[in-house]
Amino acid sequence: MSYPFSVHTDEFKGKRVLVTGGTKGMGEAMVRRFQLAGAAVATTARAPSPTADASVLFVEADIATAPGAQEVIDRIHGAWRGLDILINNVGAAQTKPGGFEALSDEDWLATLNVNLLGAVRLDRGFVPGMIERRSGVVIHVSSISHRLPFANSTLSYAAAKGALRSYSKGLSKGVAPHGVRVTMISPGFIETSGAHGMIRNIARDHGVSEDAARQQIVDRIGGIPLGRPGLPEEVAELAAFLASDRAGFITGADYVVDGGTIPTV
């Protein structure tokens, strides 16, 4: 698959990279970005992609569960004895009709497991090795939802991502003296294949064009001053920068990639 930006082919040569949820969307773009830059790349998902690259180490697991996360940790340690770069990209939101009252305890726990505890478990499995080597990068992928929460059933997702932000900041302080950097990326409306499917559904259900459906989503989140959704590869470029030596003095920061949706940061 083509990639829209130029890449130095040896930028991450010799680096071991894990991107969770790397079979589609932003995760797939990150997998491609690090592959093109010479890294050894692994990814996880609950099912393999039909277009998977055989050179990517794939671990079929549900990291929203403790056994699934442990399966990933064991496979990576067995194959590579650790990681240099860990990108916790997996995330999912509830889409039940109704407001906060529609969310049961089970809904809240499921959302927290996917959007917070999956990253916590993998960090616990890989960061100690980074500390021992006094080198490593952890990137948590969040969402602008934790700054612009809605009162509908996505509220649990926004709250989980807010918790991830607090956890990420605290972790960054604890591991920085040991040479490990922790940062966070909070994307806005990124037009992944899944988002484009939602655009098509809105267009079909409301009898409007895809452009009009896309604008409905933009209006719902409060607008995008740059006038368009983001590309998955634009998020991947930020991840590559934060994982690189060029970002060696950056840790504990939360980078918003939203085209200007949030008025102030």
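Refer to the preceding data block for the structure.
Residues numbered from 1 in each chain as written. Predicted model: local features only at pLDDT ≥ 70, side-chain atom pairs only at ≥ 80, totals over all residues. Heavy atoms only, no water.

Asks: Give a description of the packing of helix 5 (residues 193-206) against helix 6 (residues 210-220) that names residues and reports values.
Replies: Packing of helix 5 against helix 6 leaves a shortest axis separation of 8 Å and a crossing angle of 110 degrees. Considering their axes alone, helix 5 and helix 6 lie roughly perpendicular with respect to each other. Residues His196, Met198, Ile199, Arg200, Ile202, Ala203 and His206 of helix 5 lie in contact with helix 6, whose contacting residues are Glu210, Ala213, Arg214, Gln216, Ile217 and Arg220. Here the residues of the contact of helix 5 with helix 6 sort into six nonpolar, three polar and four charged. (Axes fitted to C-alpha atoms, helices over the stretch in contact; angles between N-to-C directions. Helix = DSSP H or I, 4+ residues; strand = E, 2+ residues; numbered from the N terminus. Parallel < 35°, antiparallel > 145°, perpendicular 65-115°, else oblique. Contact = heavy atoms within 4.5 Å. Nonpolar A, V, L, I, M, F, W, Y, C, P; charged D, E, K, R; others polar.)

Asks: Report on the environment of Thr23, specifying residues and quantitative values.
Replies: Tracing the backbone shows Thr23 in the loop between strand 1 (16-20) and helix 1 (25-36). Look at Thr23 and you get buried, because its relative accessible area is 19%. C-alpha of Thr23 to C-alpha of Thr43: the two residues are 20 residues apart in sequence and 7.5 Å apart in space. The contacts of Thr23, once residues within four sequence positions are left out, are Glu28, Thr43, Ala45, Ala47, Ser49 and Phe58. (Buried < 20%, exposed > 50% of the residue type's maximum accessible area, 1.4 Å probe, protein only.)

Asks: Mind laying out the sheet that holds strand 3 (residues 57-60), listing which residues take part and the relevant values?
Replies: Across the sheet, which stays open at both edges, the seven strands sit in the order 3-2-1-4-5-6-7 with parallel pairing between neighbours. Of all the strands in the sheet, just strand 3 and strand 7 (254-257) have a single pairing partner and so form its edges. On average, each strand axis in the sheet is tilted by 15 degrees relative to the strand beside it, whichever way the strands run. As defined by bridge partners, strand 1 adjoins strand 4 (residues 85-88) across three bridges and the pair is classed as parallel. Following the sheet pairing, Val17 is matched in strand 4 by Ile85. Contacting strand 1, strand 2 (40-45) and strand 3, helix 2 (residues 66-80) runs over the sheet at an angle of about 155 degrees to strand 3. Strand contacts of helix 7 (residues 232-243): strand 4, strand 5 (136-141), strand 6 (180-187) and strand 7, with the helix running at about 165 degrees to strand 6, the strand carrying the most contacts. (Pairing = 2+ DSSP bridges.)

Asks: Can you tell me about the environment of Gly260, naming the residues and giving the values?
Replies: Following the sequence through the fold, Gly260 ends up in the segment after strand 7. Sequence separation between Gly260 and Ala39 is 221 residues, and the spatial gap between their C-alpha atoms is 32 Å.

Asks: Can you break down the nonpolar core residue by residue, with the values?
Replies: By size, the foremost hydrophobic cluster in this structure holds 29 residues, and its most contacted members are Phe12, Met30, Phe34, Ile85, Ile87 and Ile139. Mapped by element, the contributors of at least two residues to this core are strand 1, helix 1, strand 4, strand 5 and helix 7. Considering each element in turn, this core owes the most residues, seven residues, to helix 7. In contact with Ile87, not counting residues within four places along its chain, are Leu18, Val19, Thr20, Met30, Phe34, Ile139, Val141 and Ala239. In this structure, Ala42, Ala61, Ile63 and Val138 belong to the second largest nonpolar core, which totals 22 residues. (Core = buried A, V, L, I, M, F, W, Y, C linked by side-chain atoms within 4.5 Å.)

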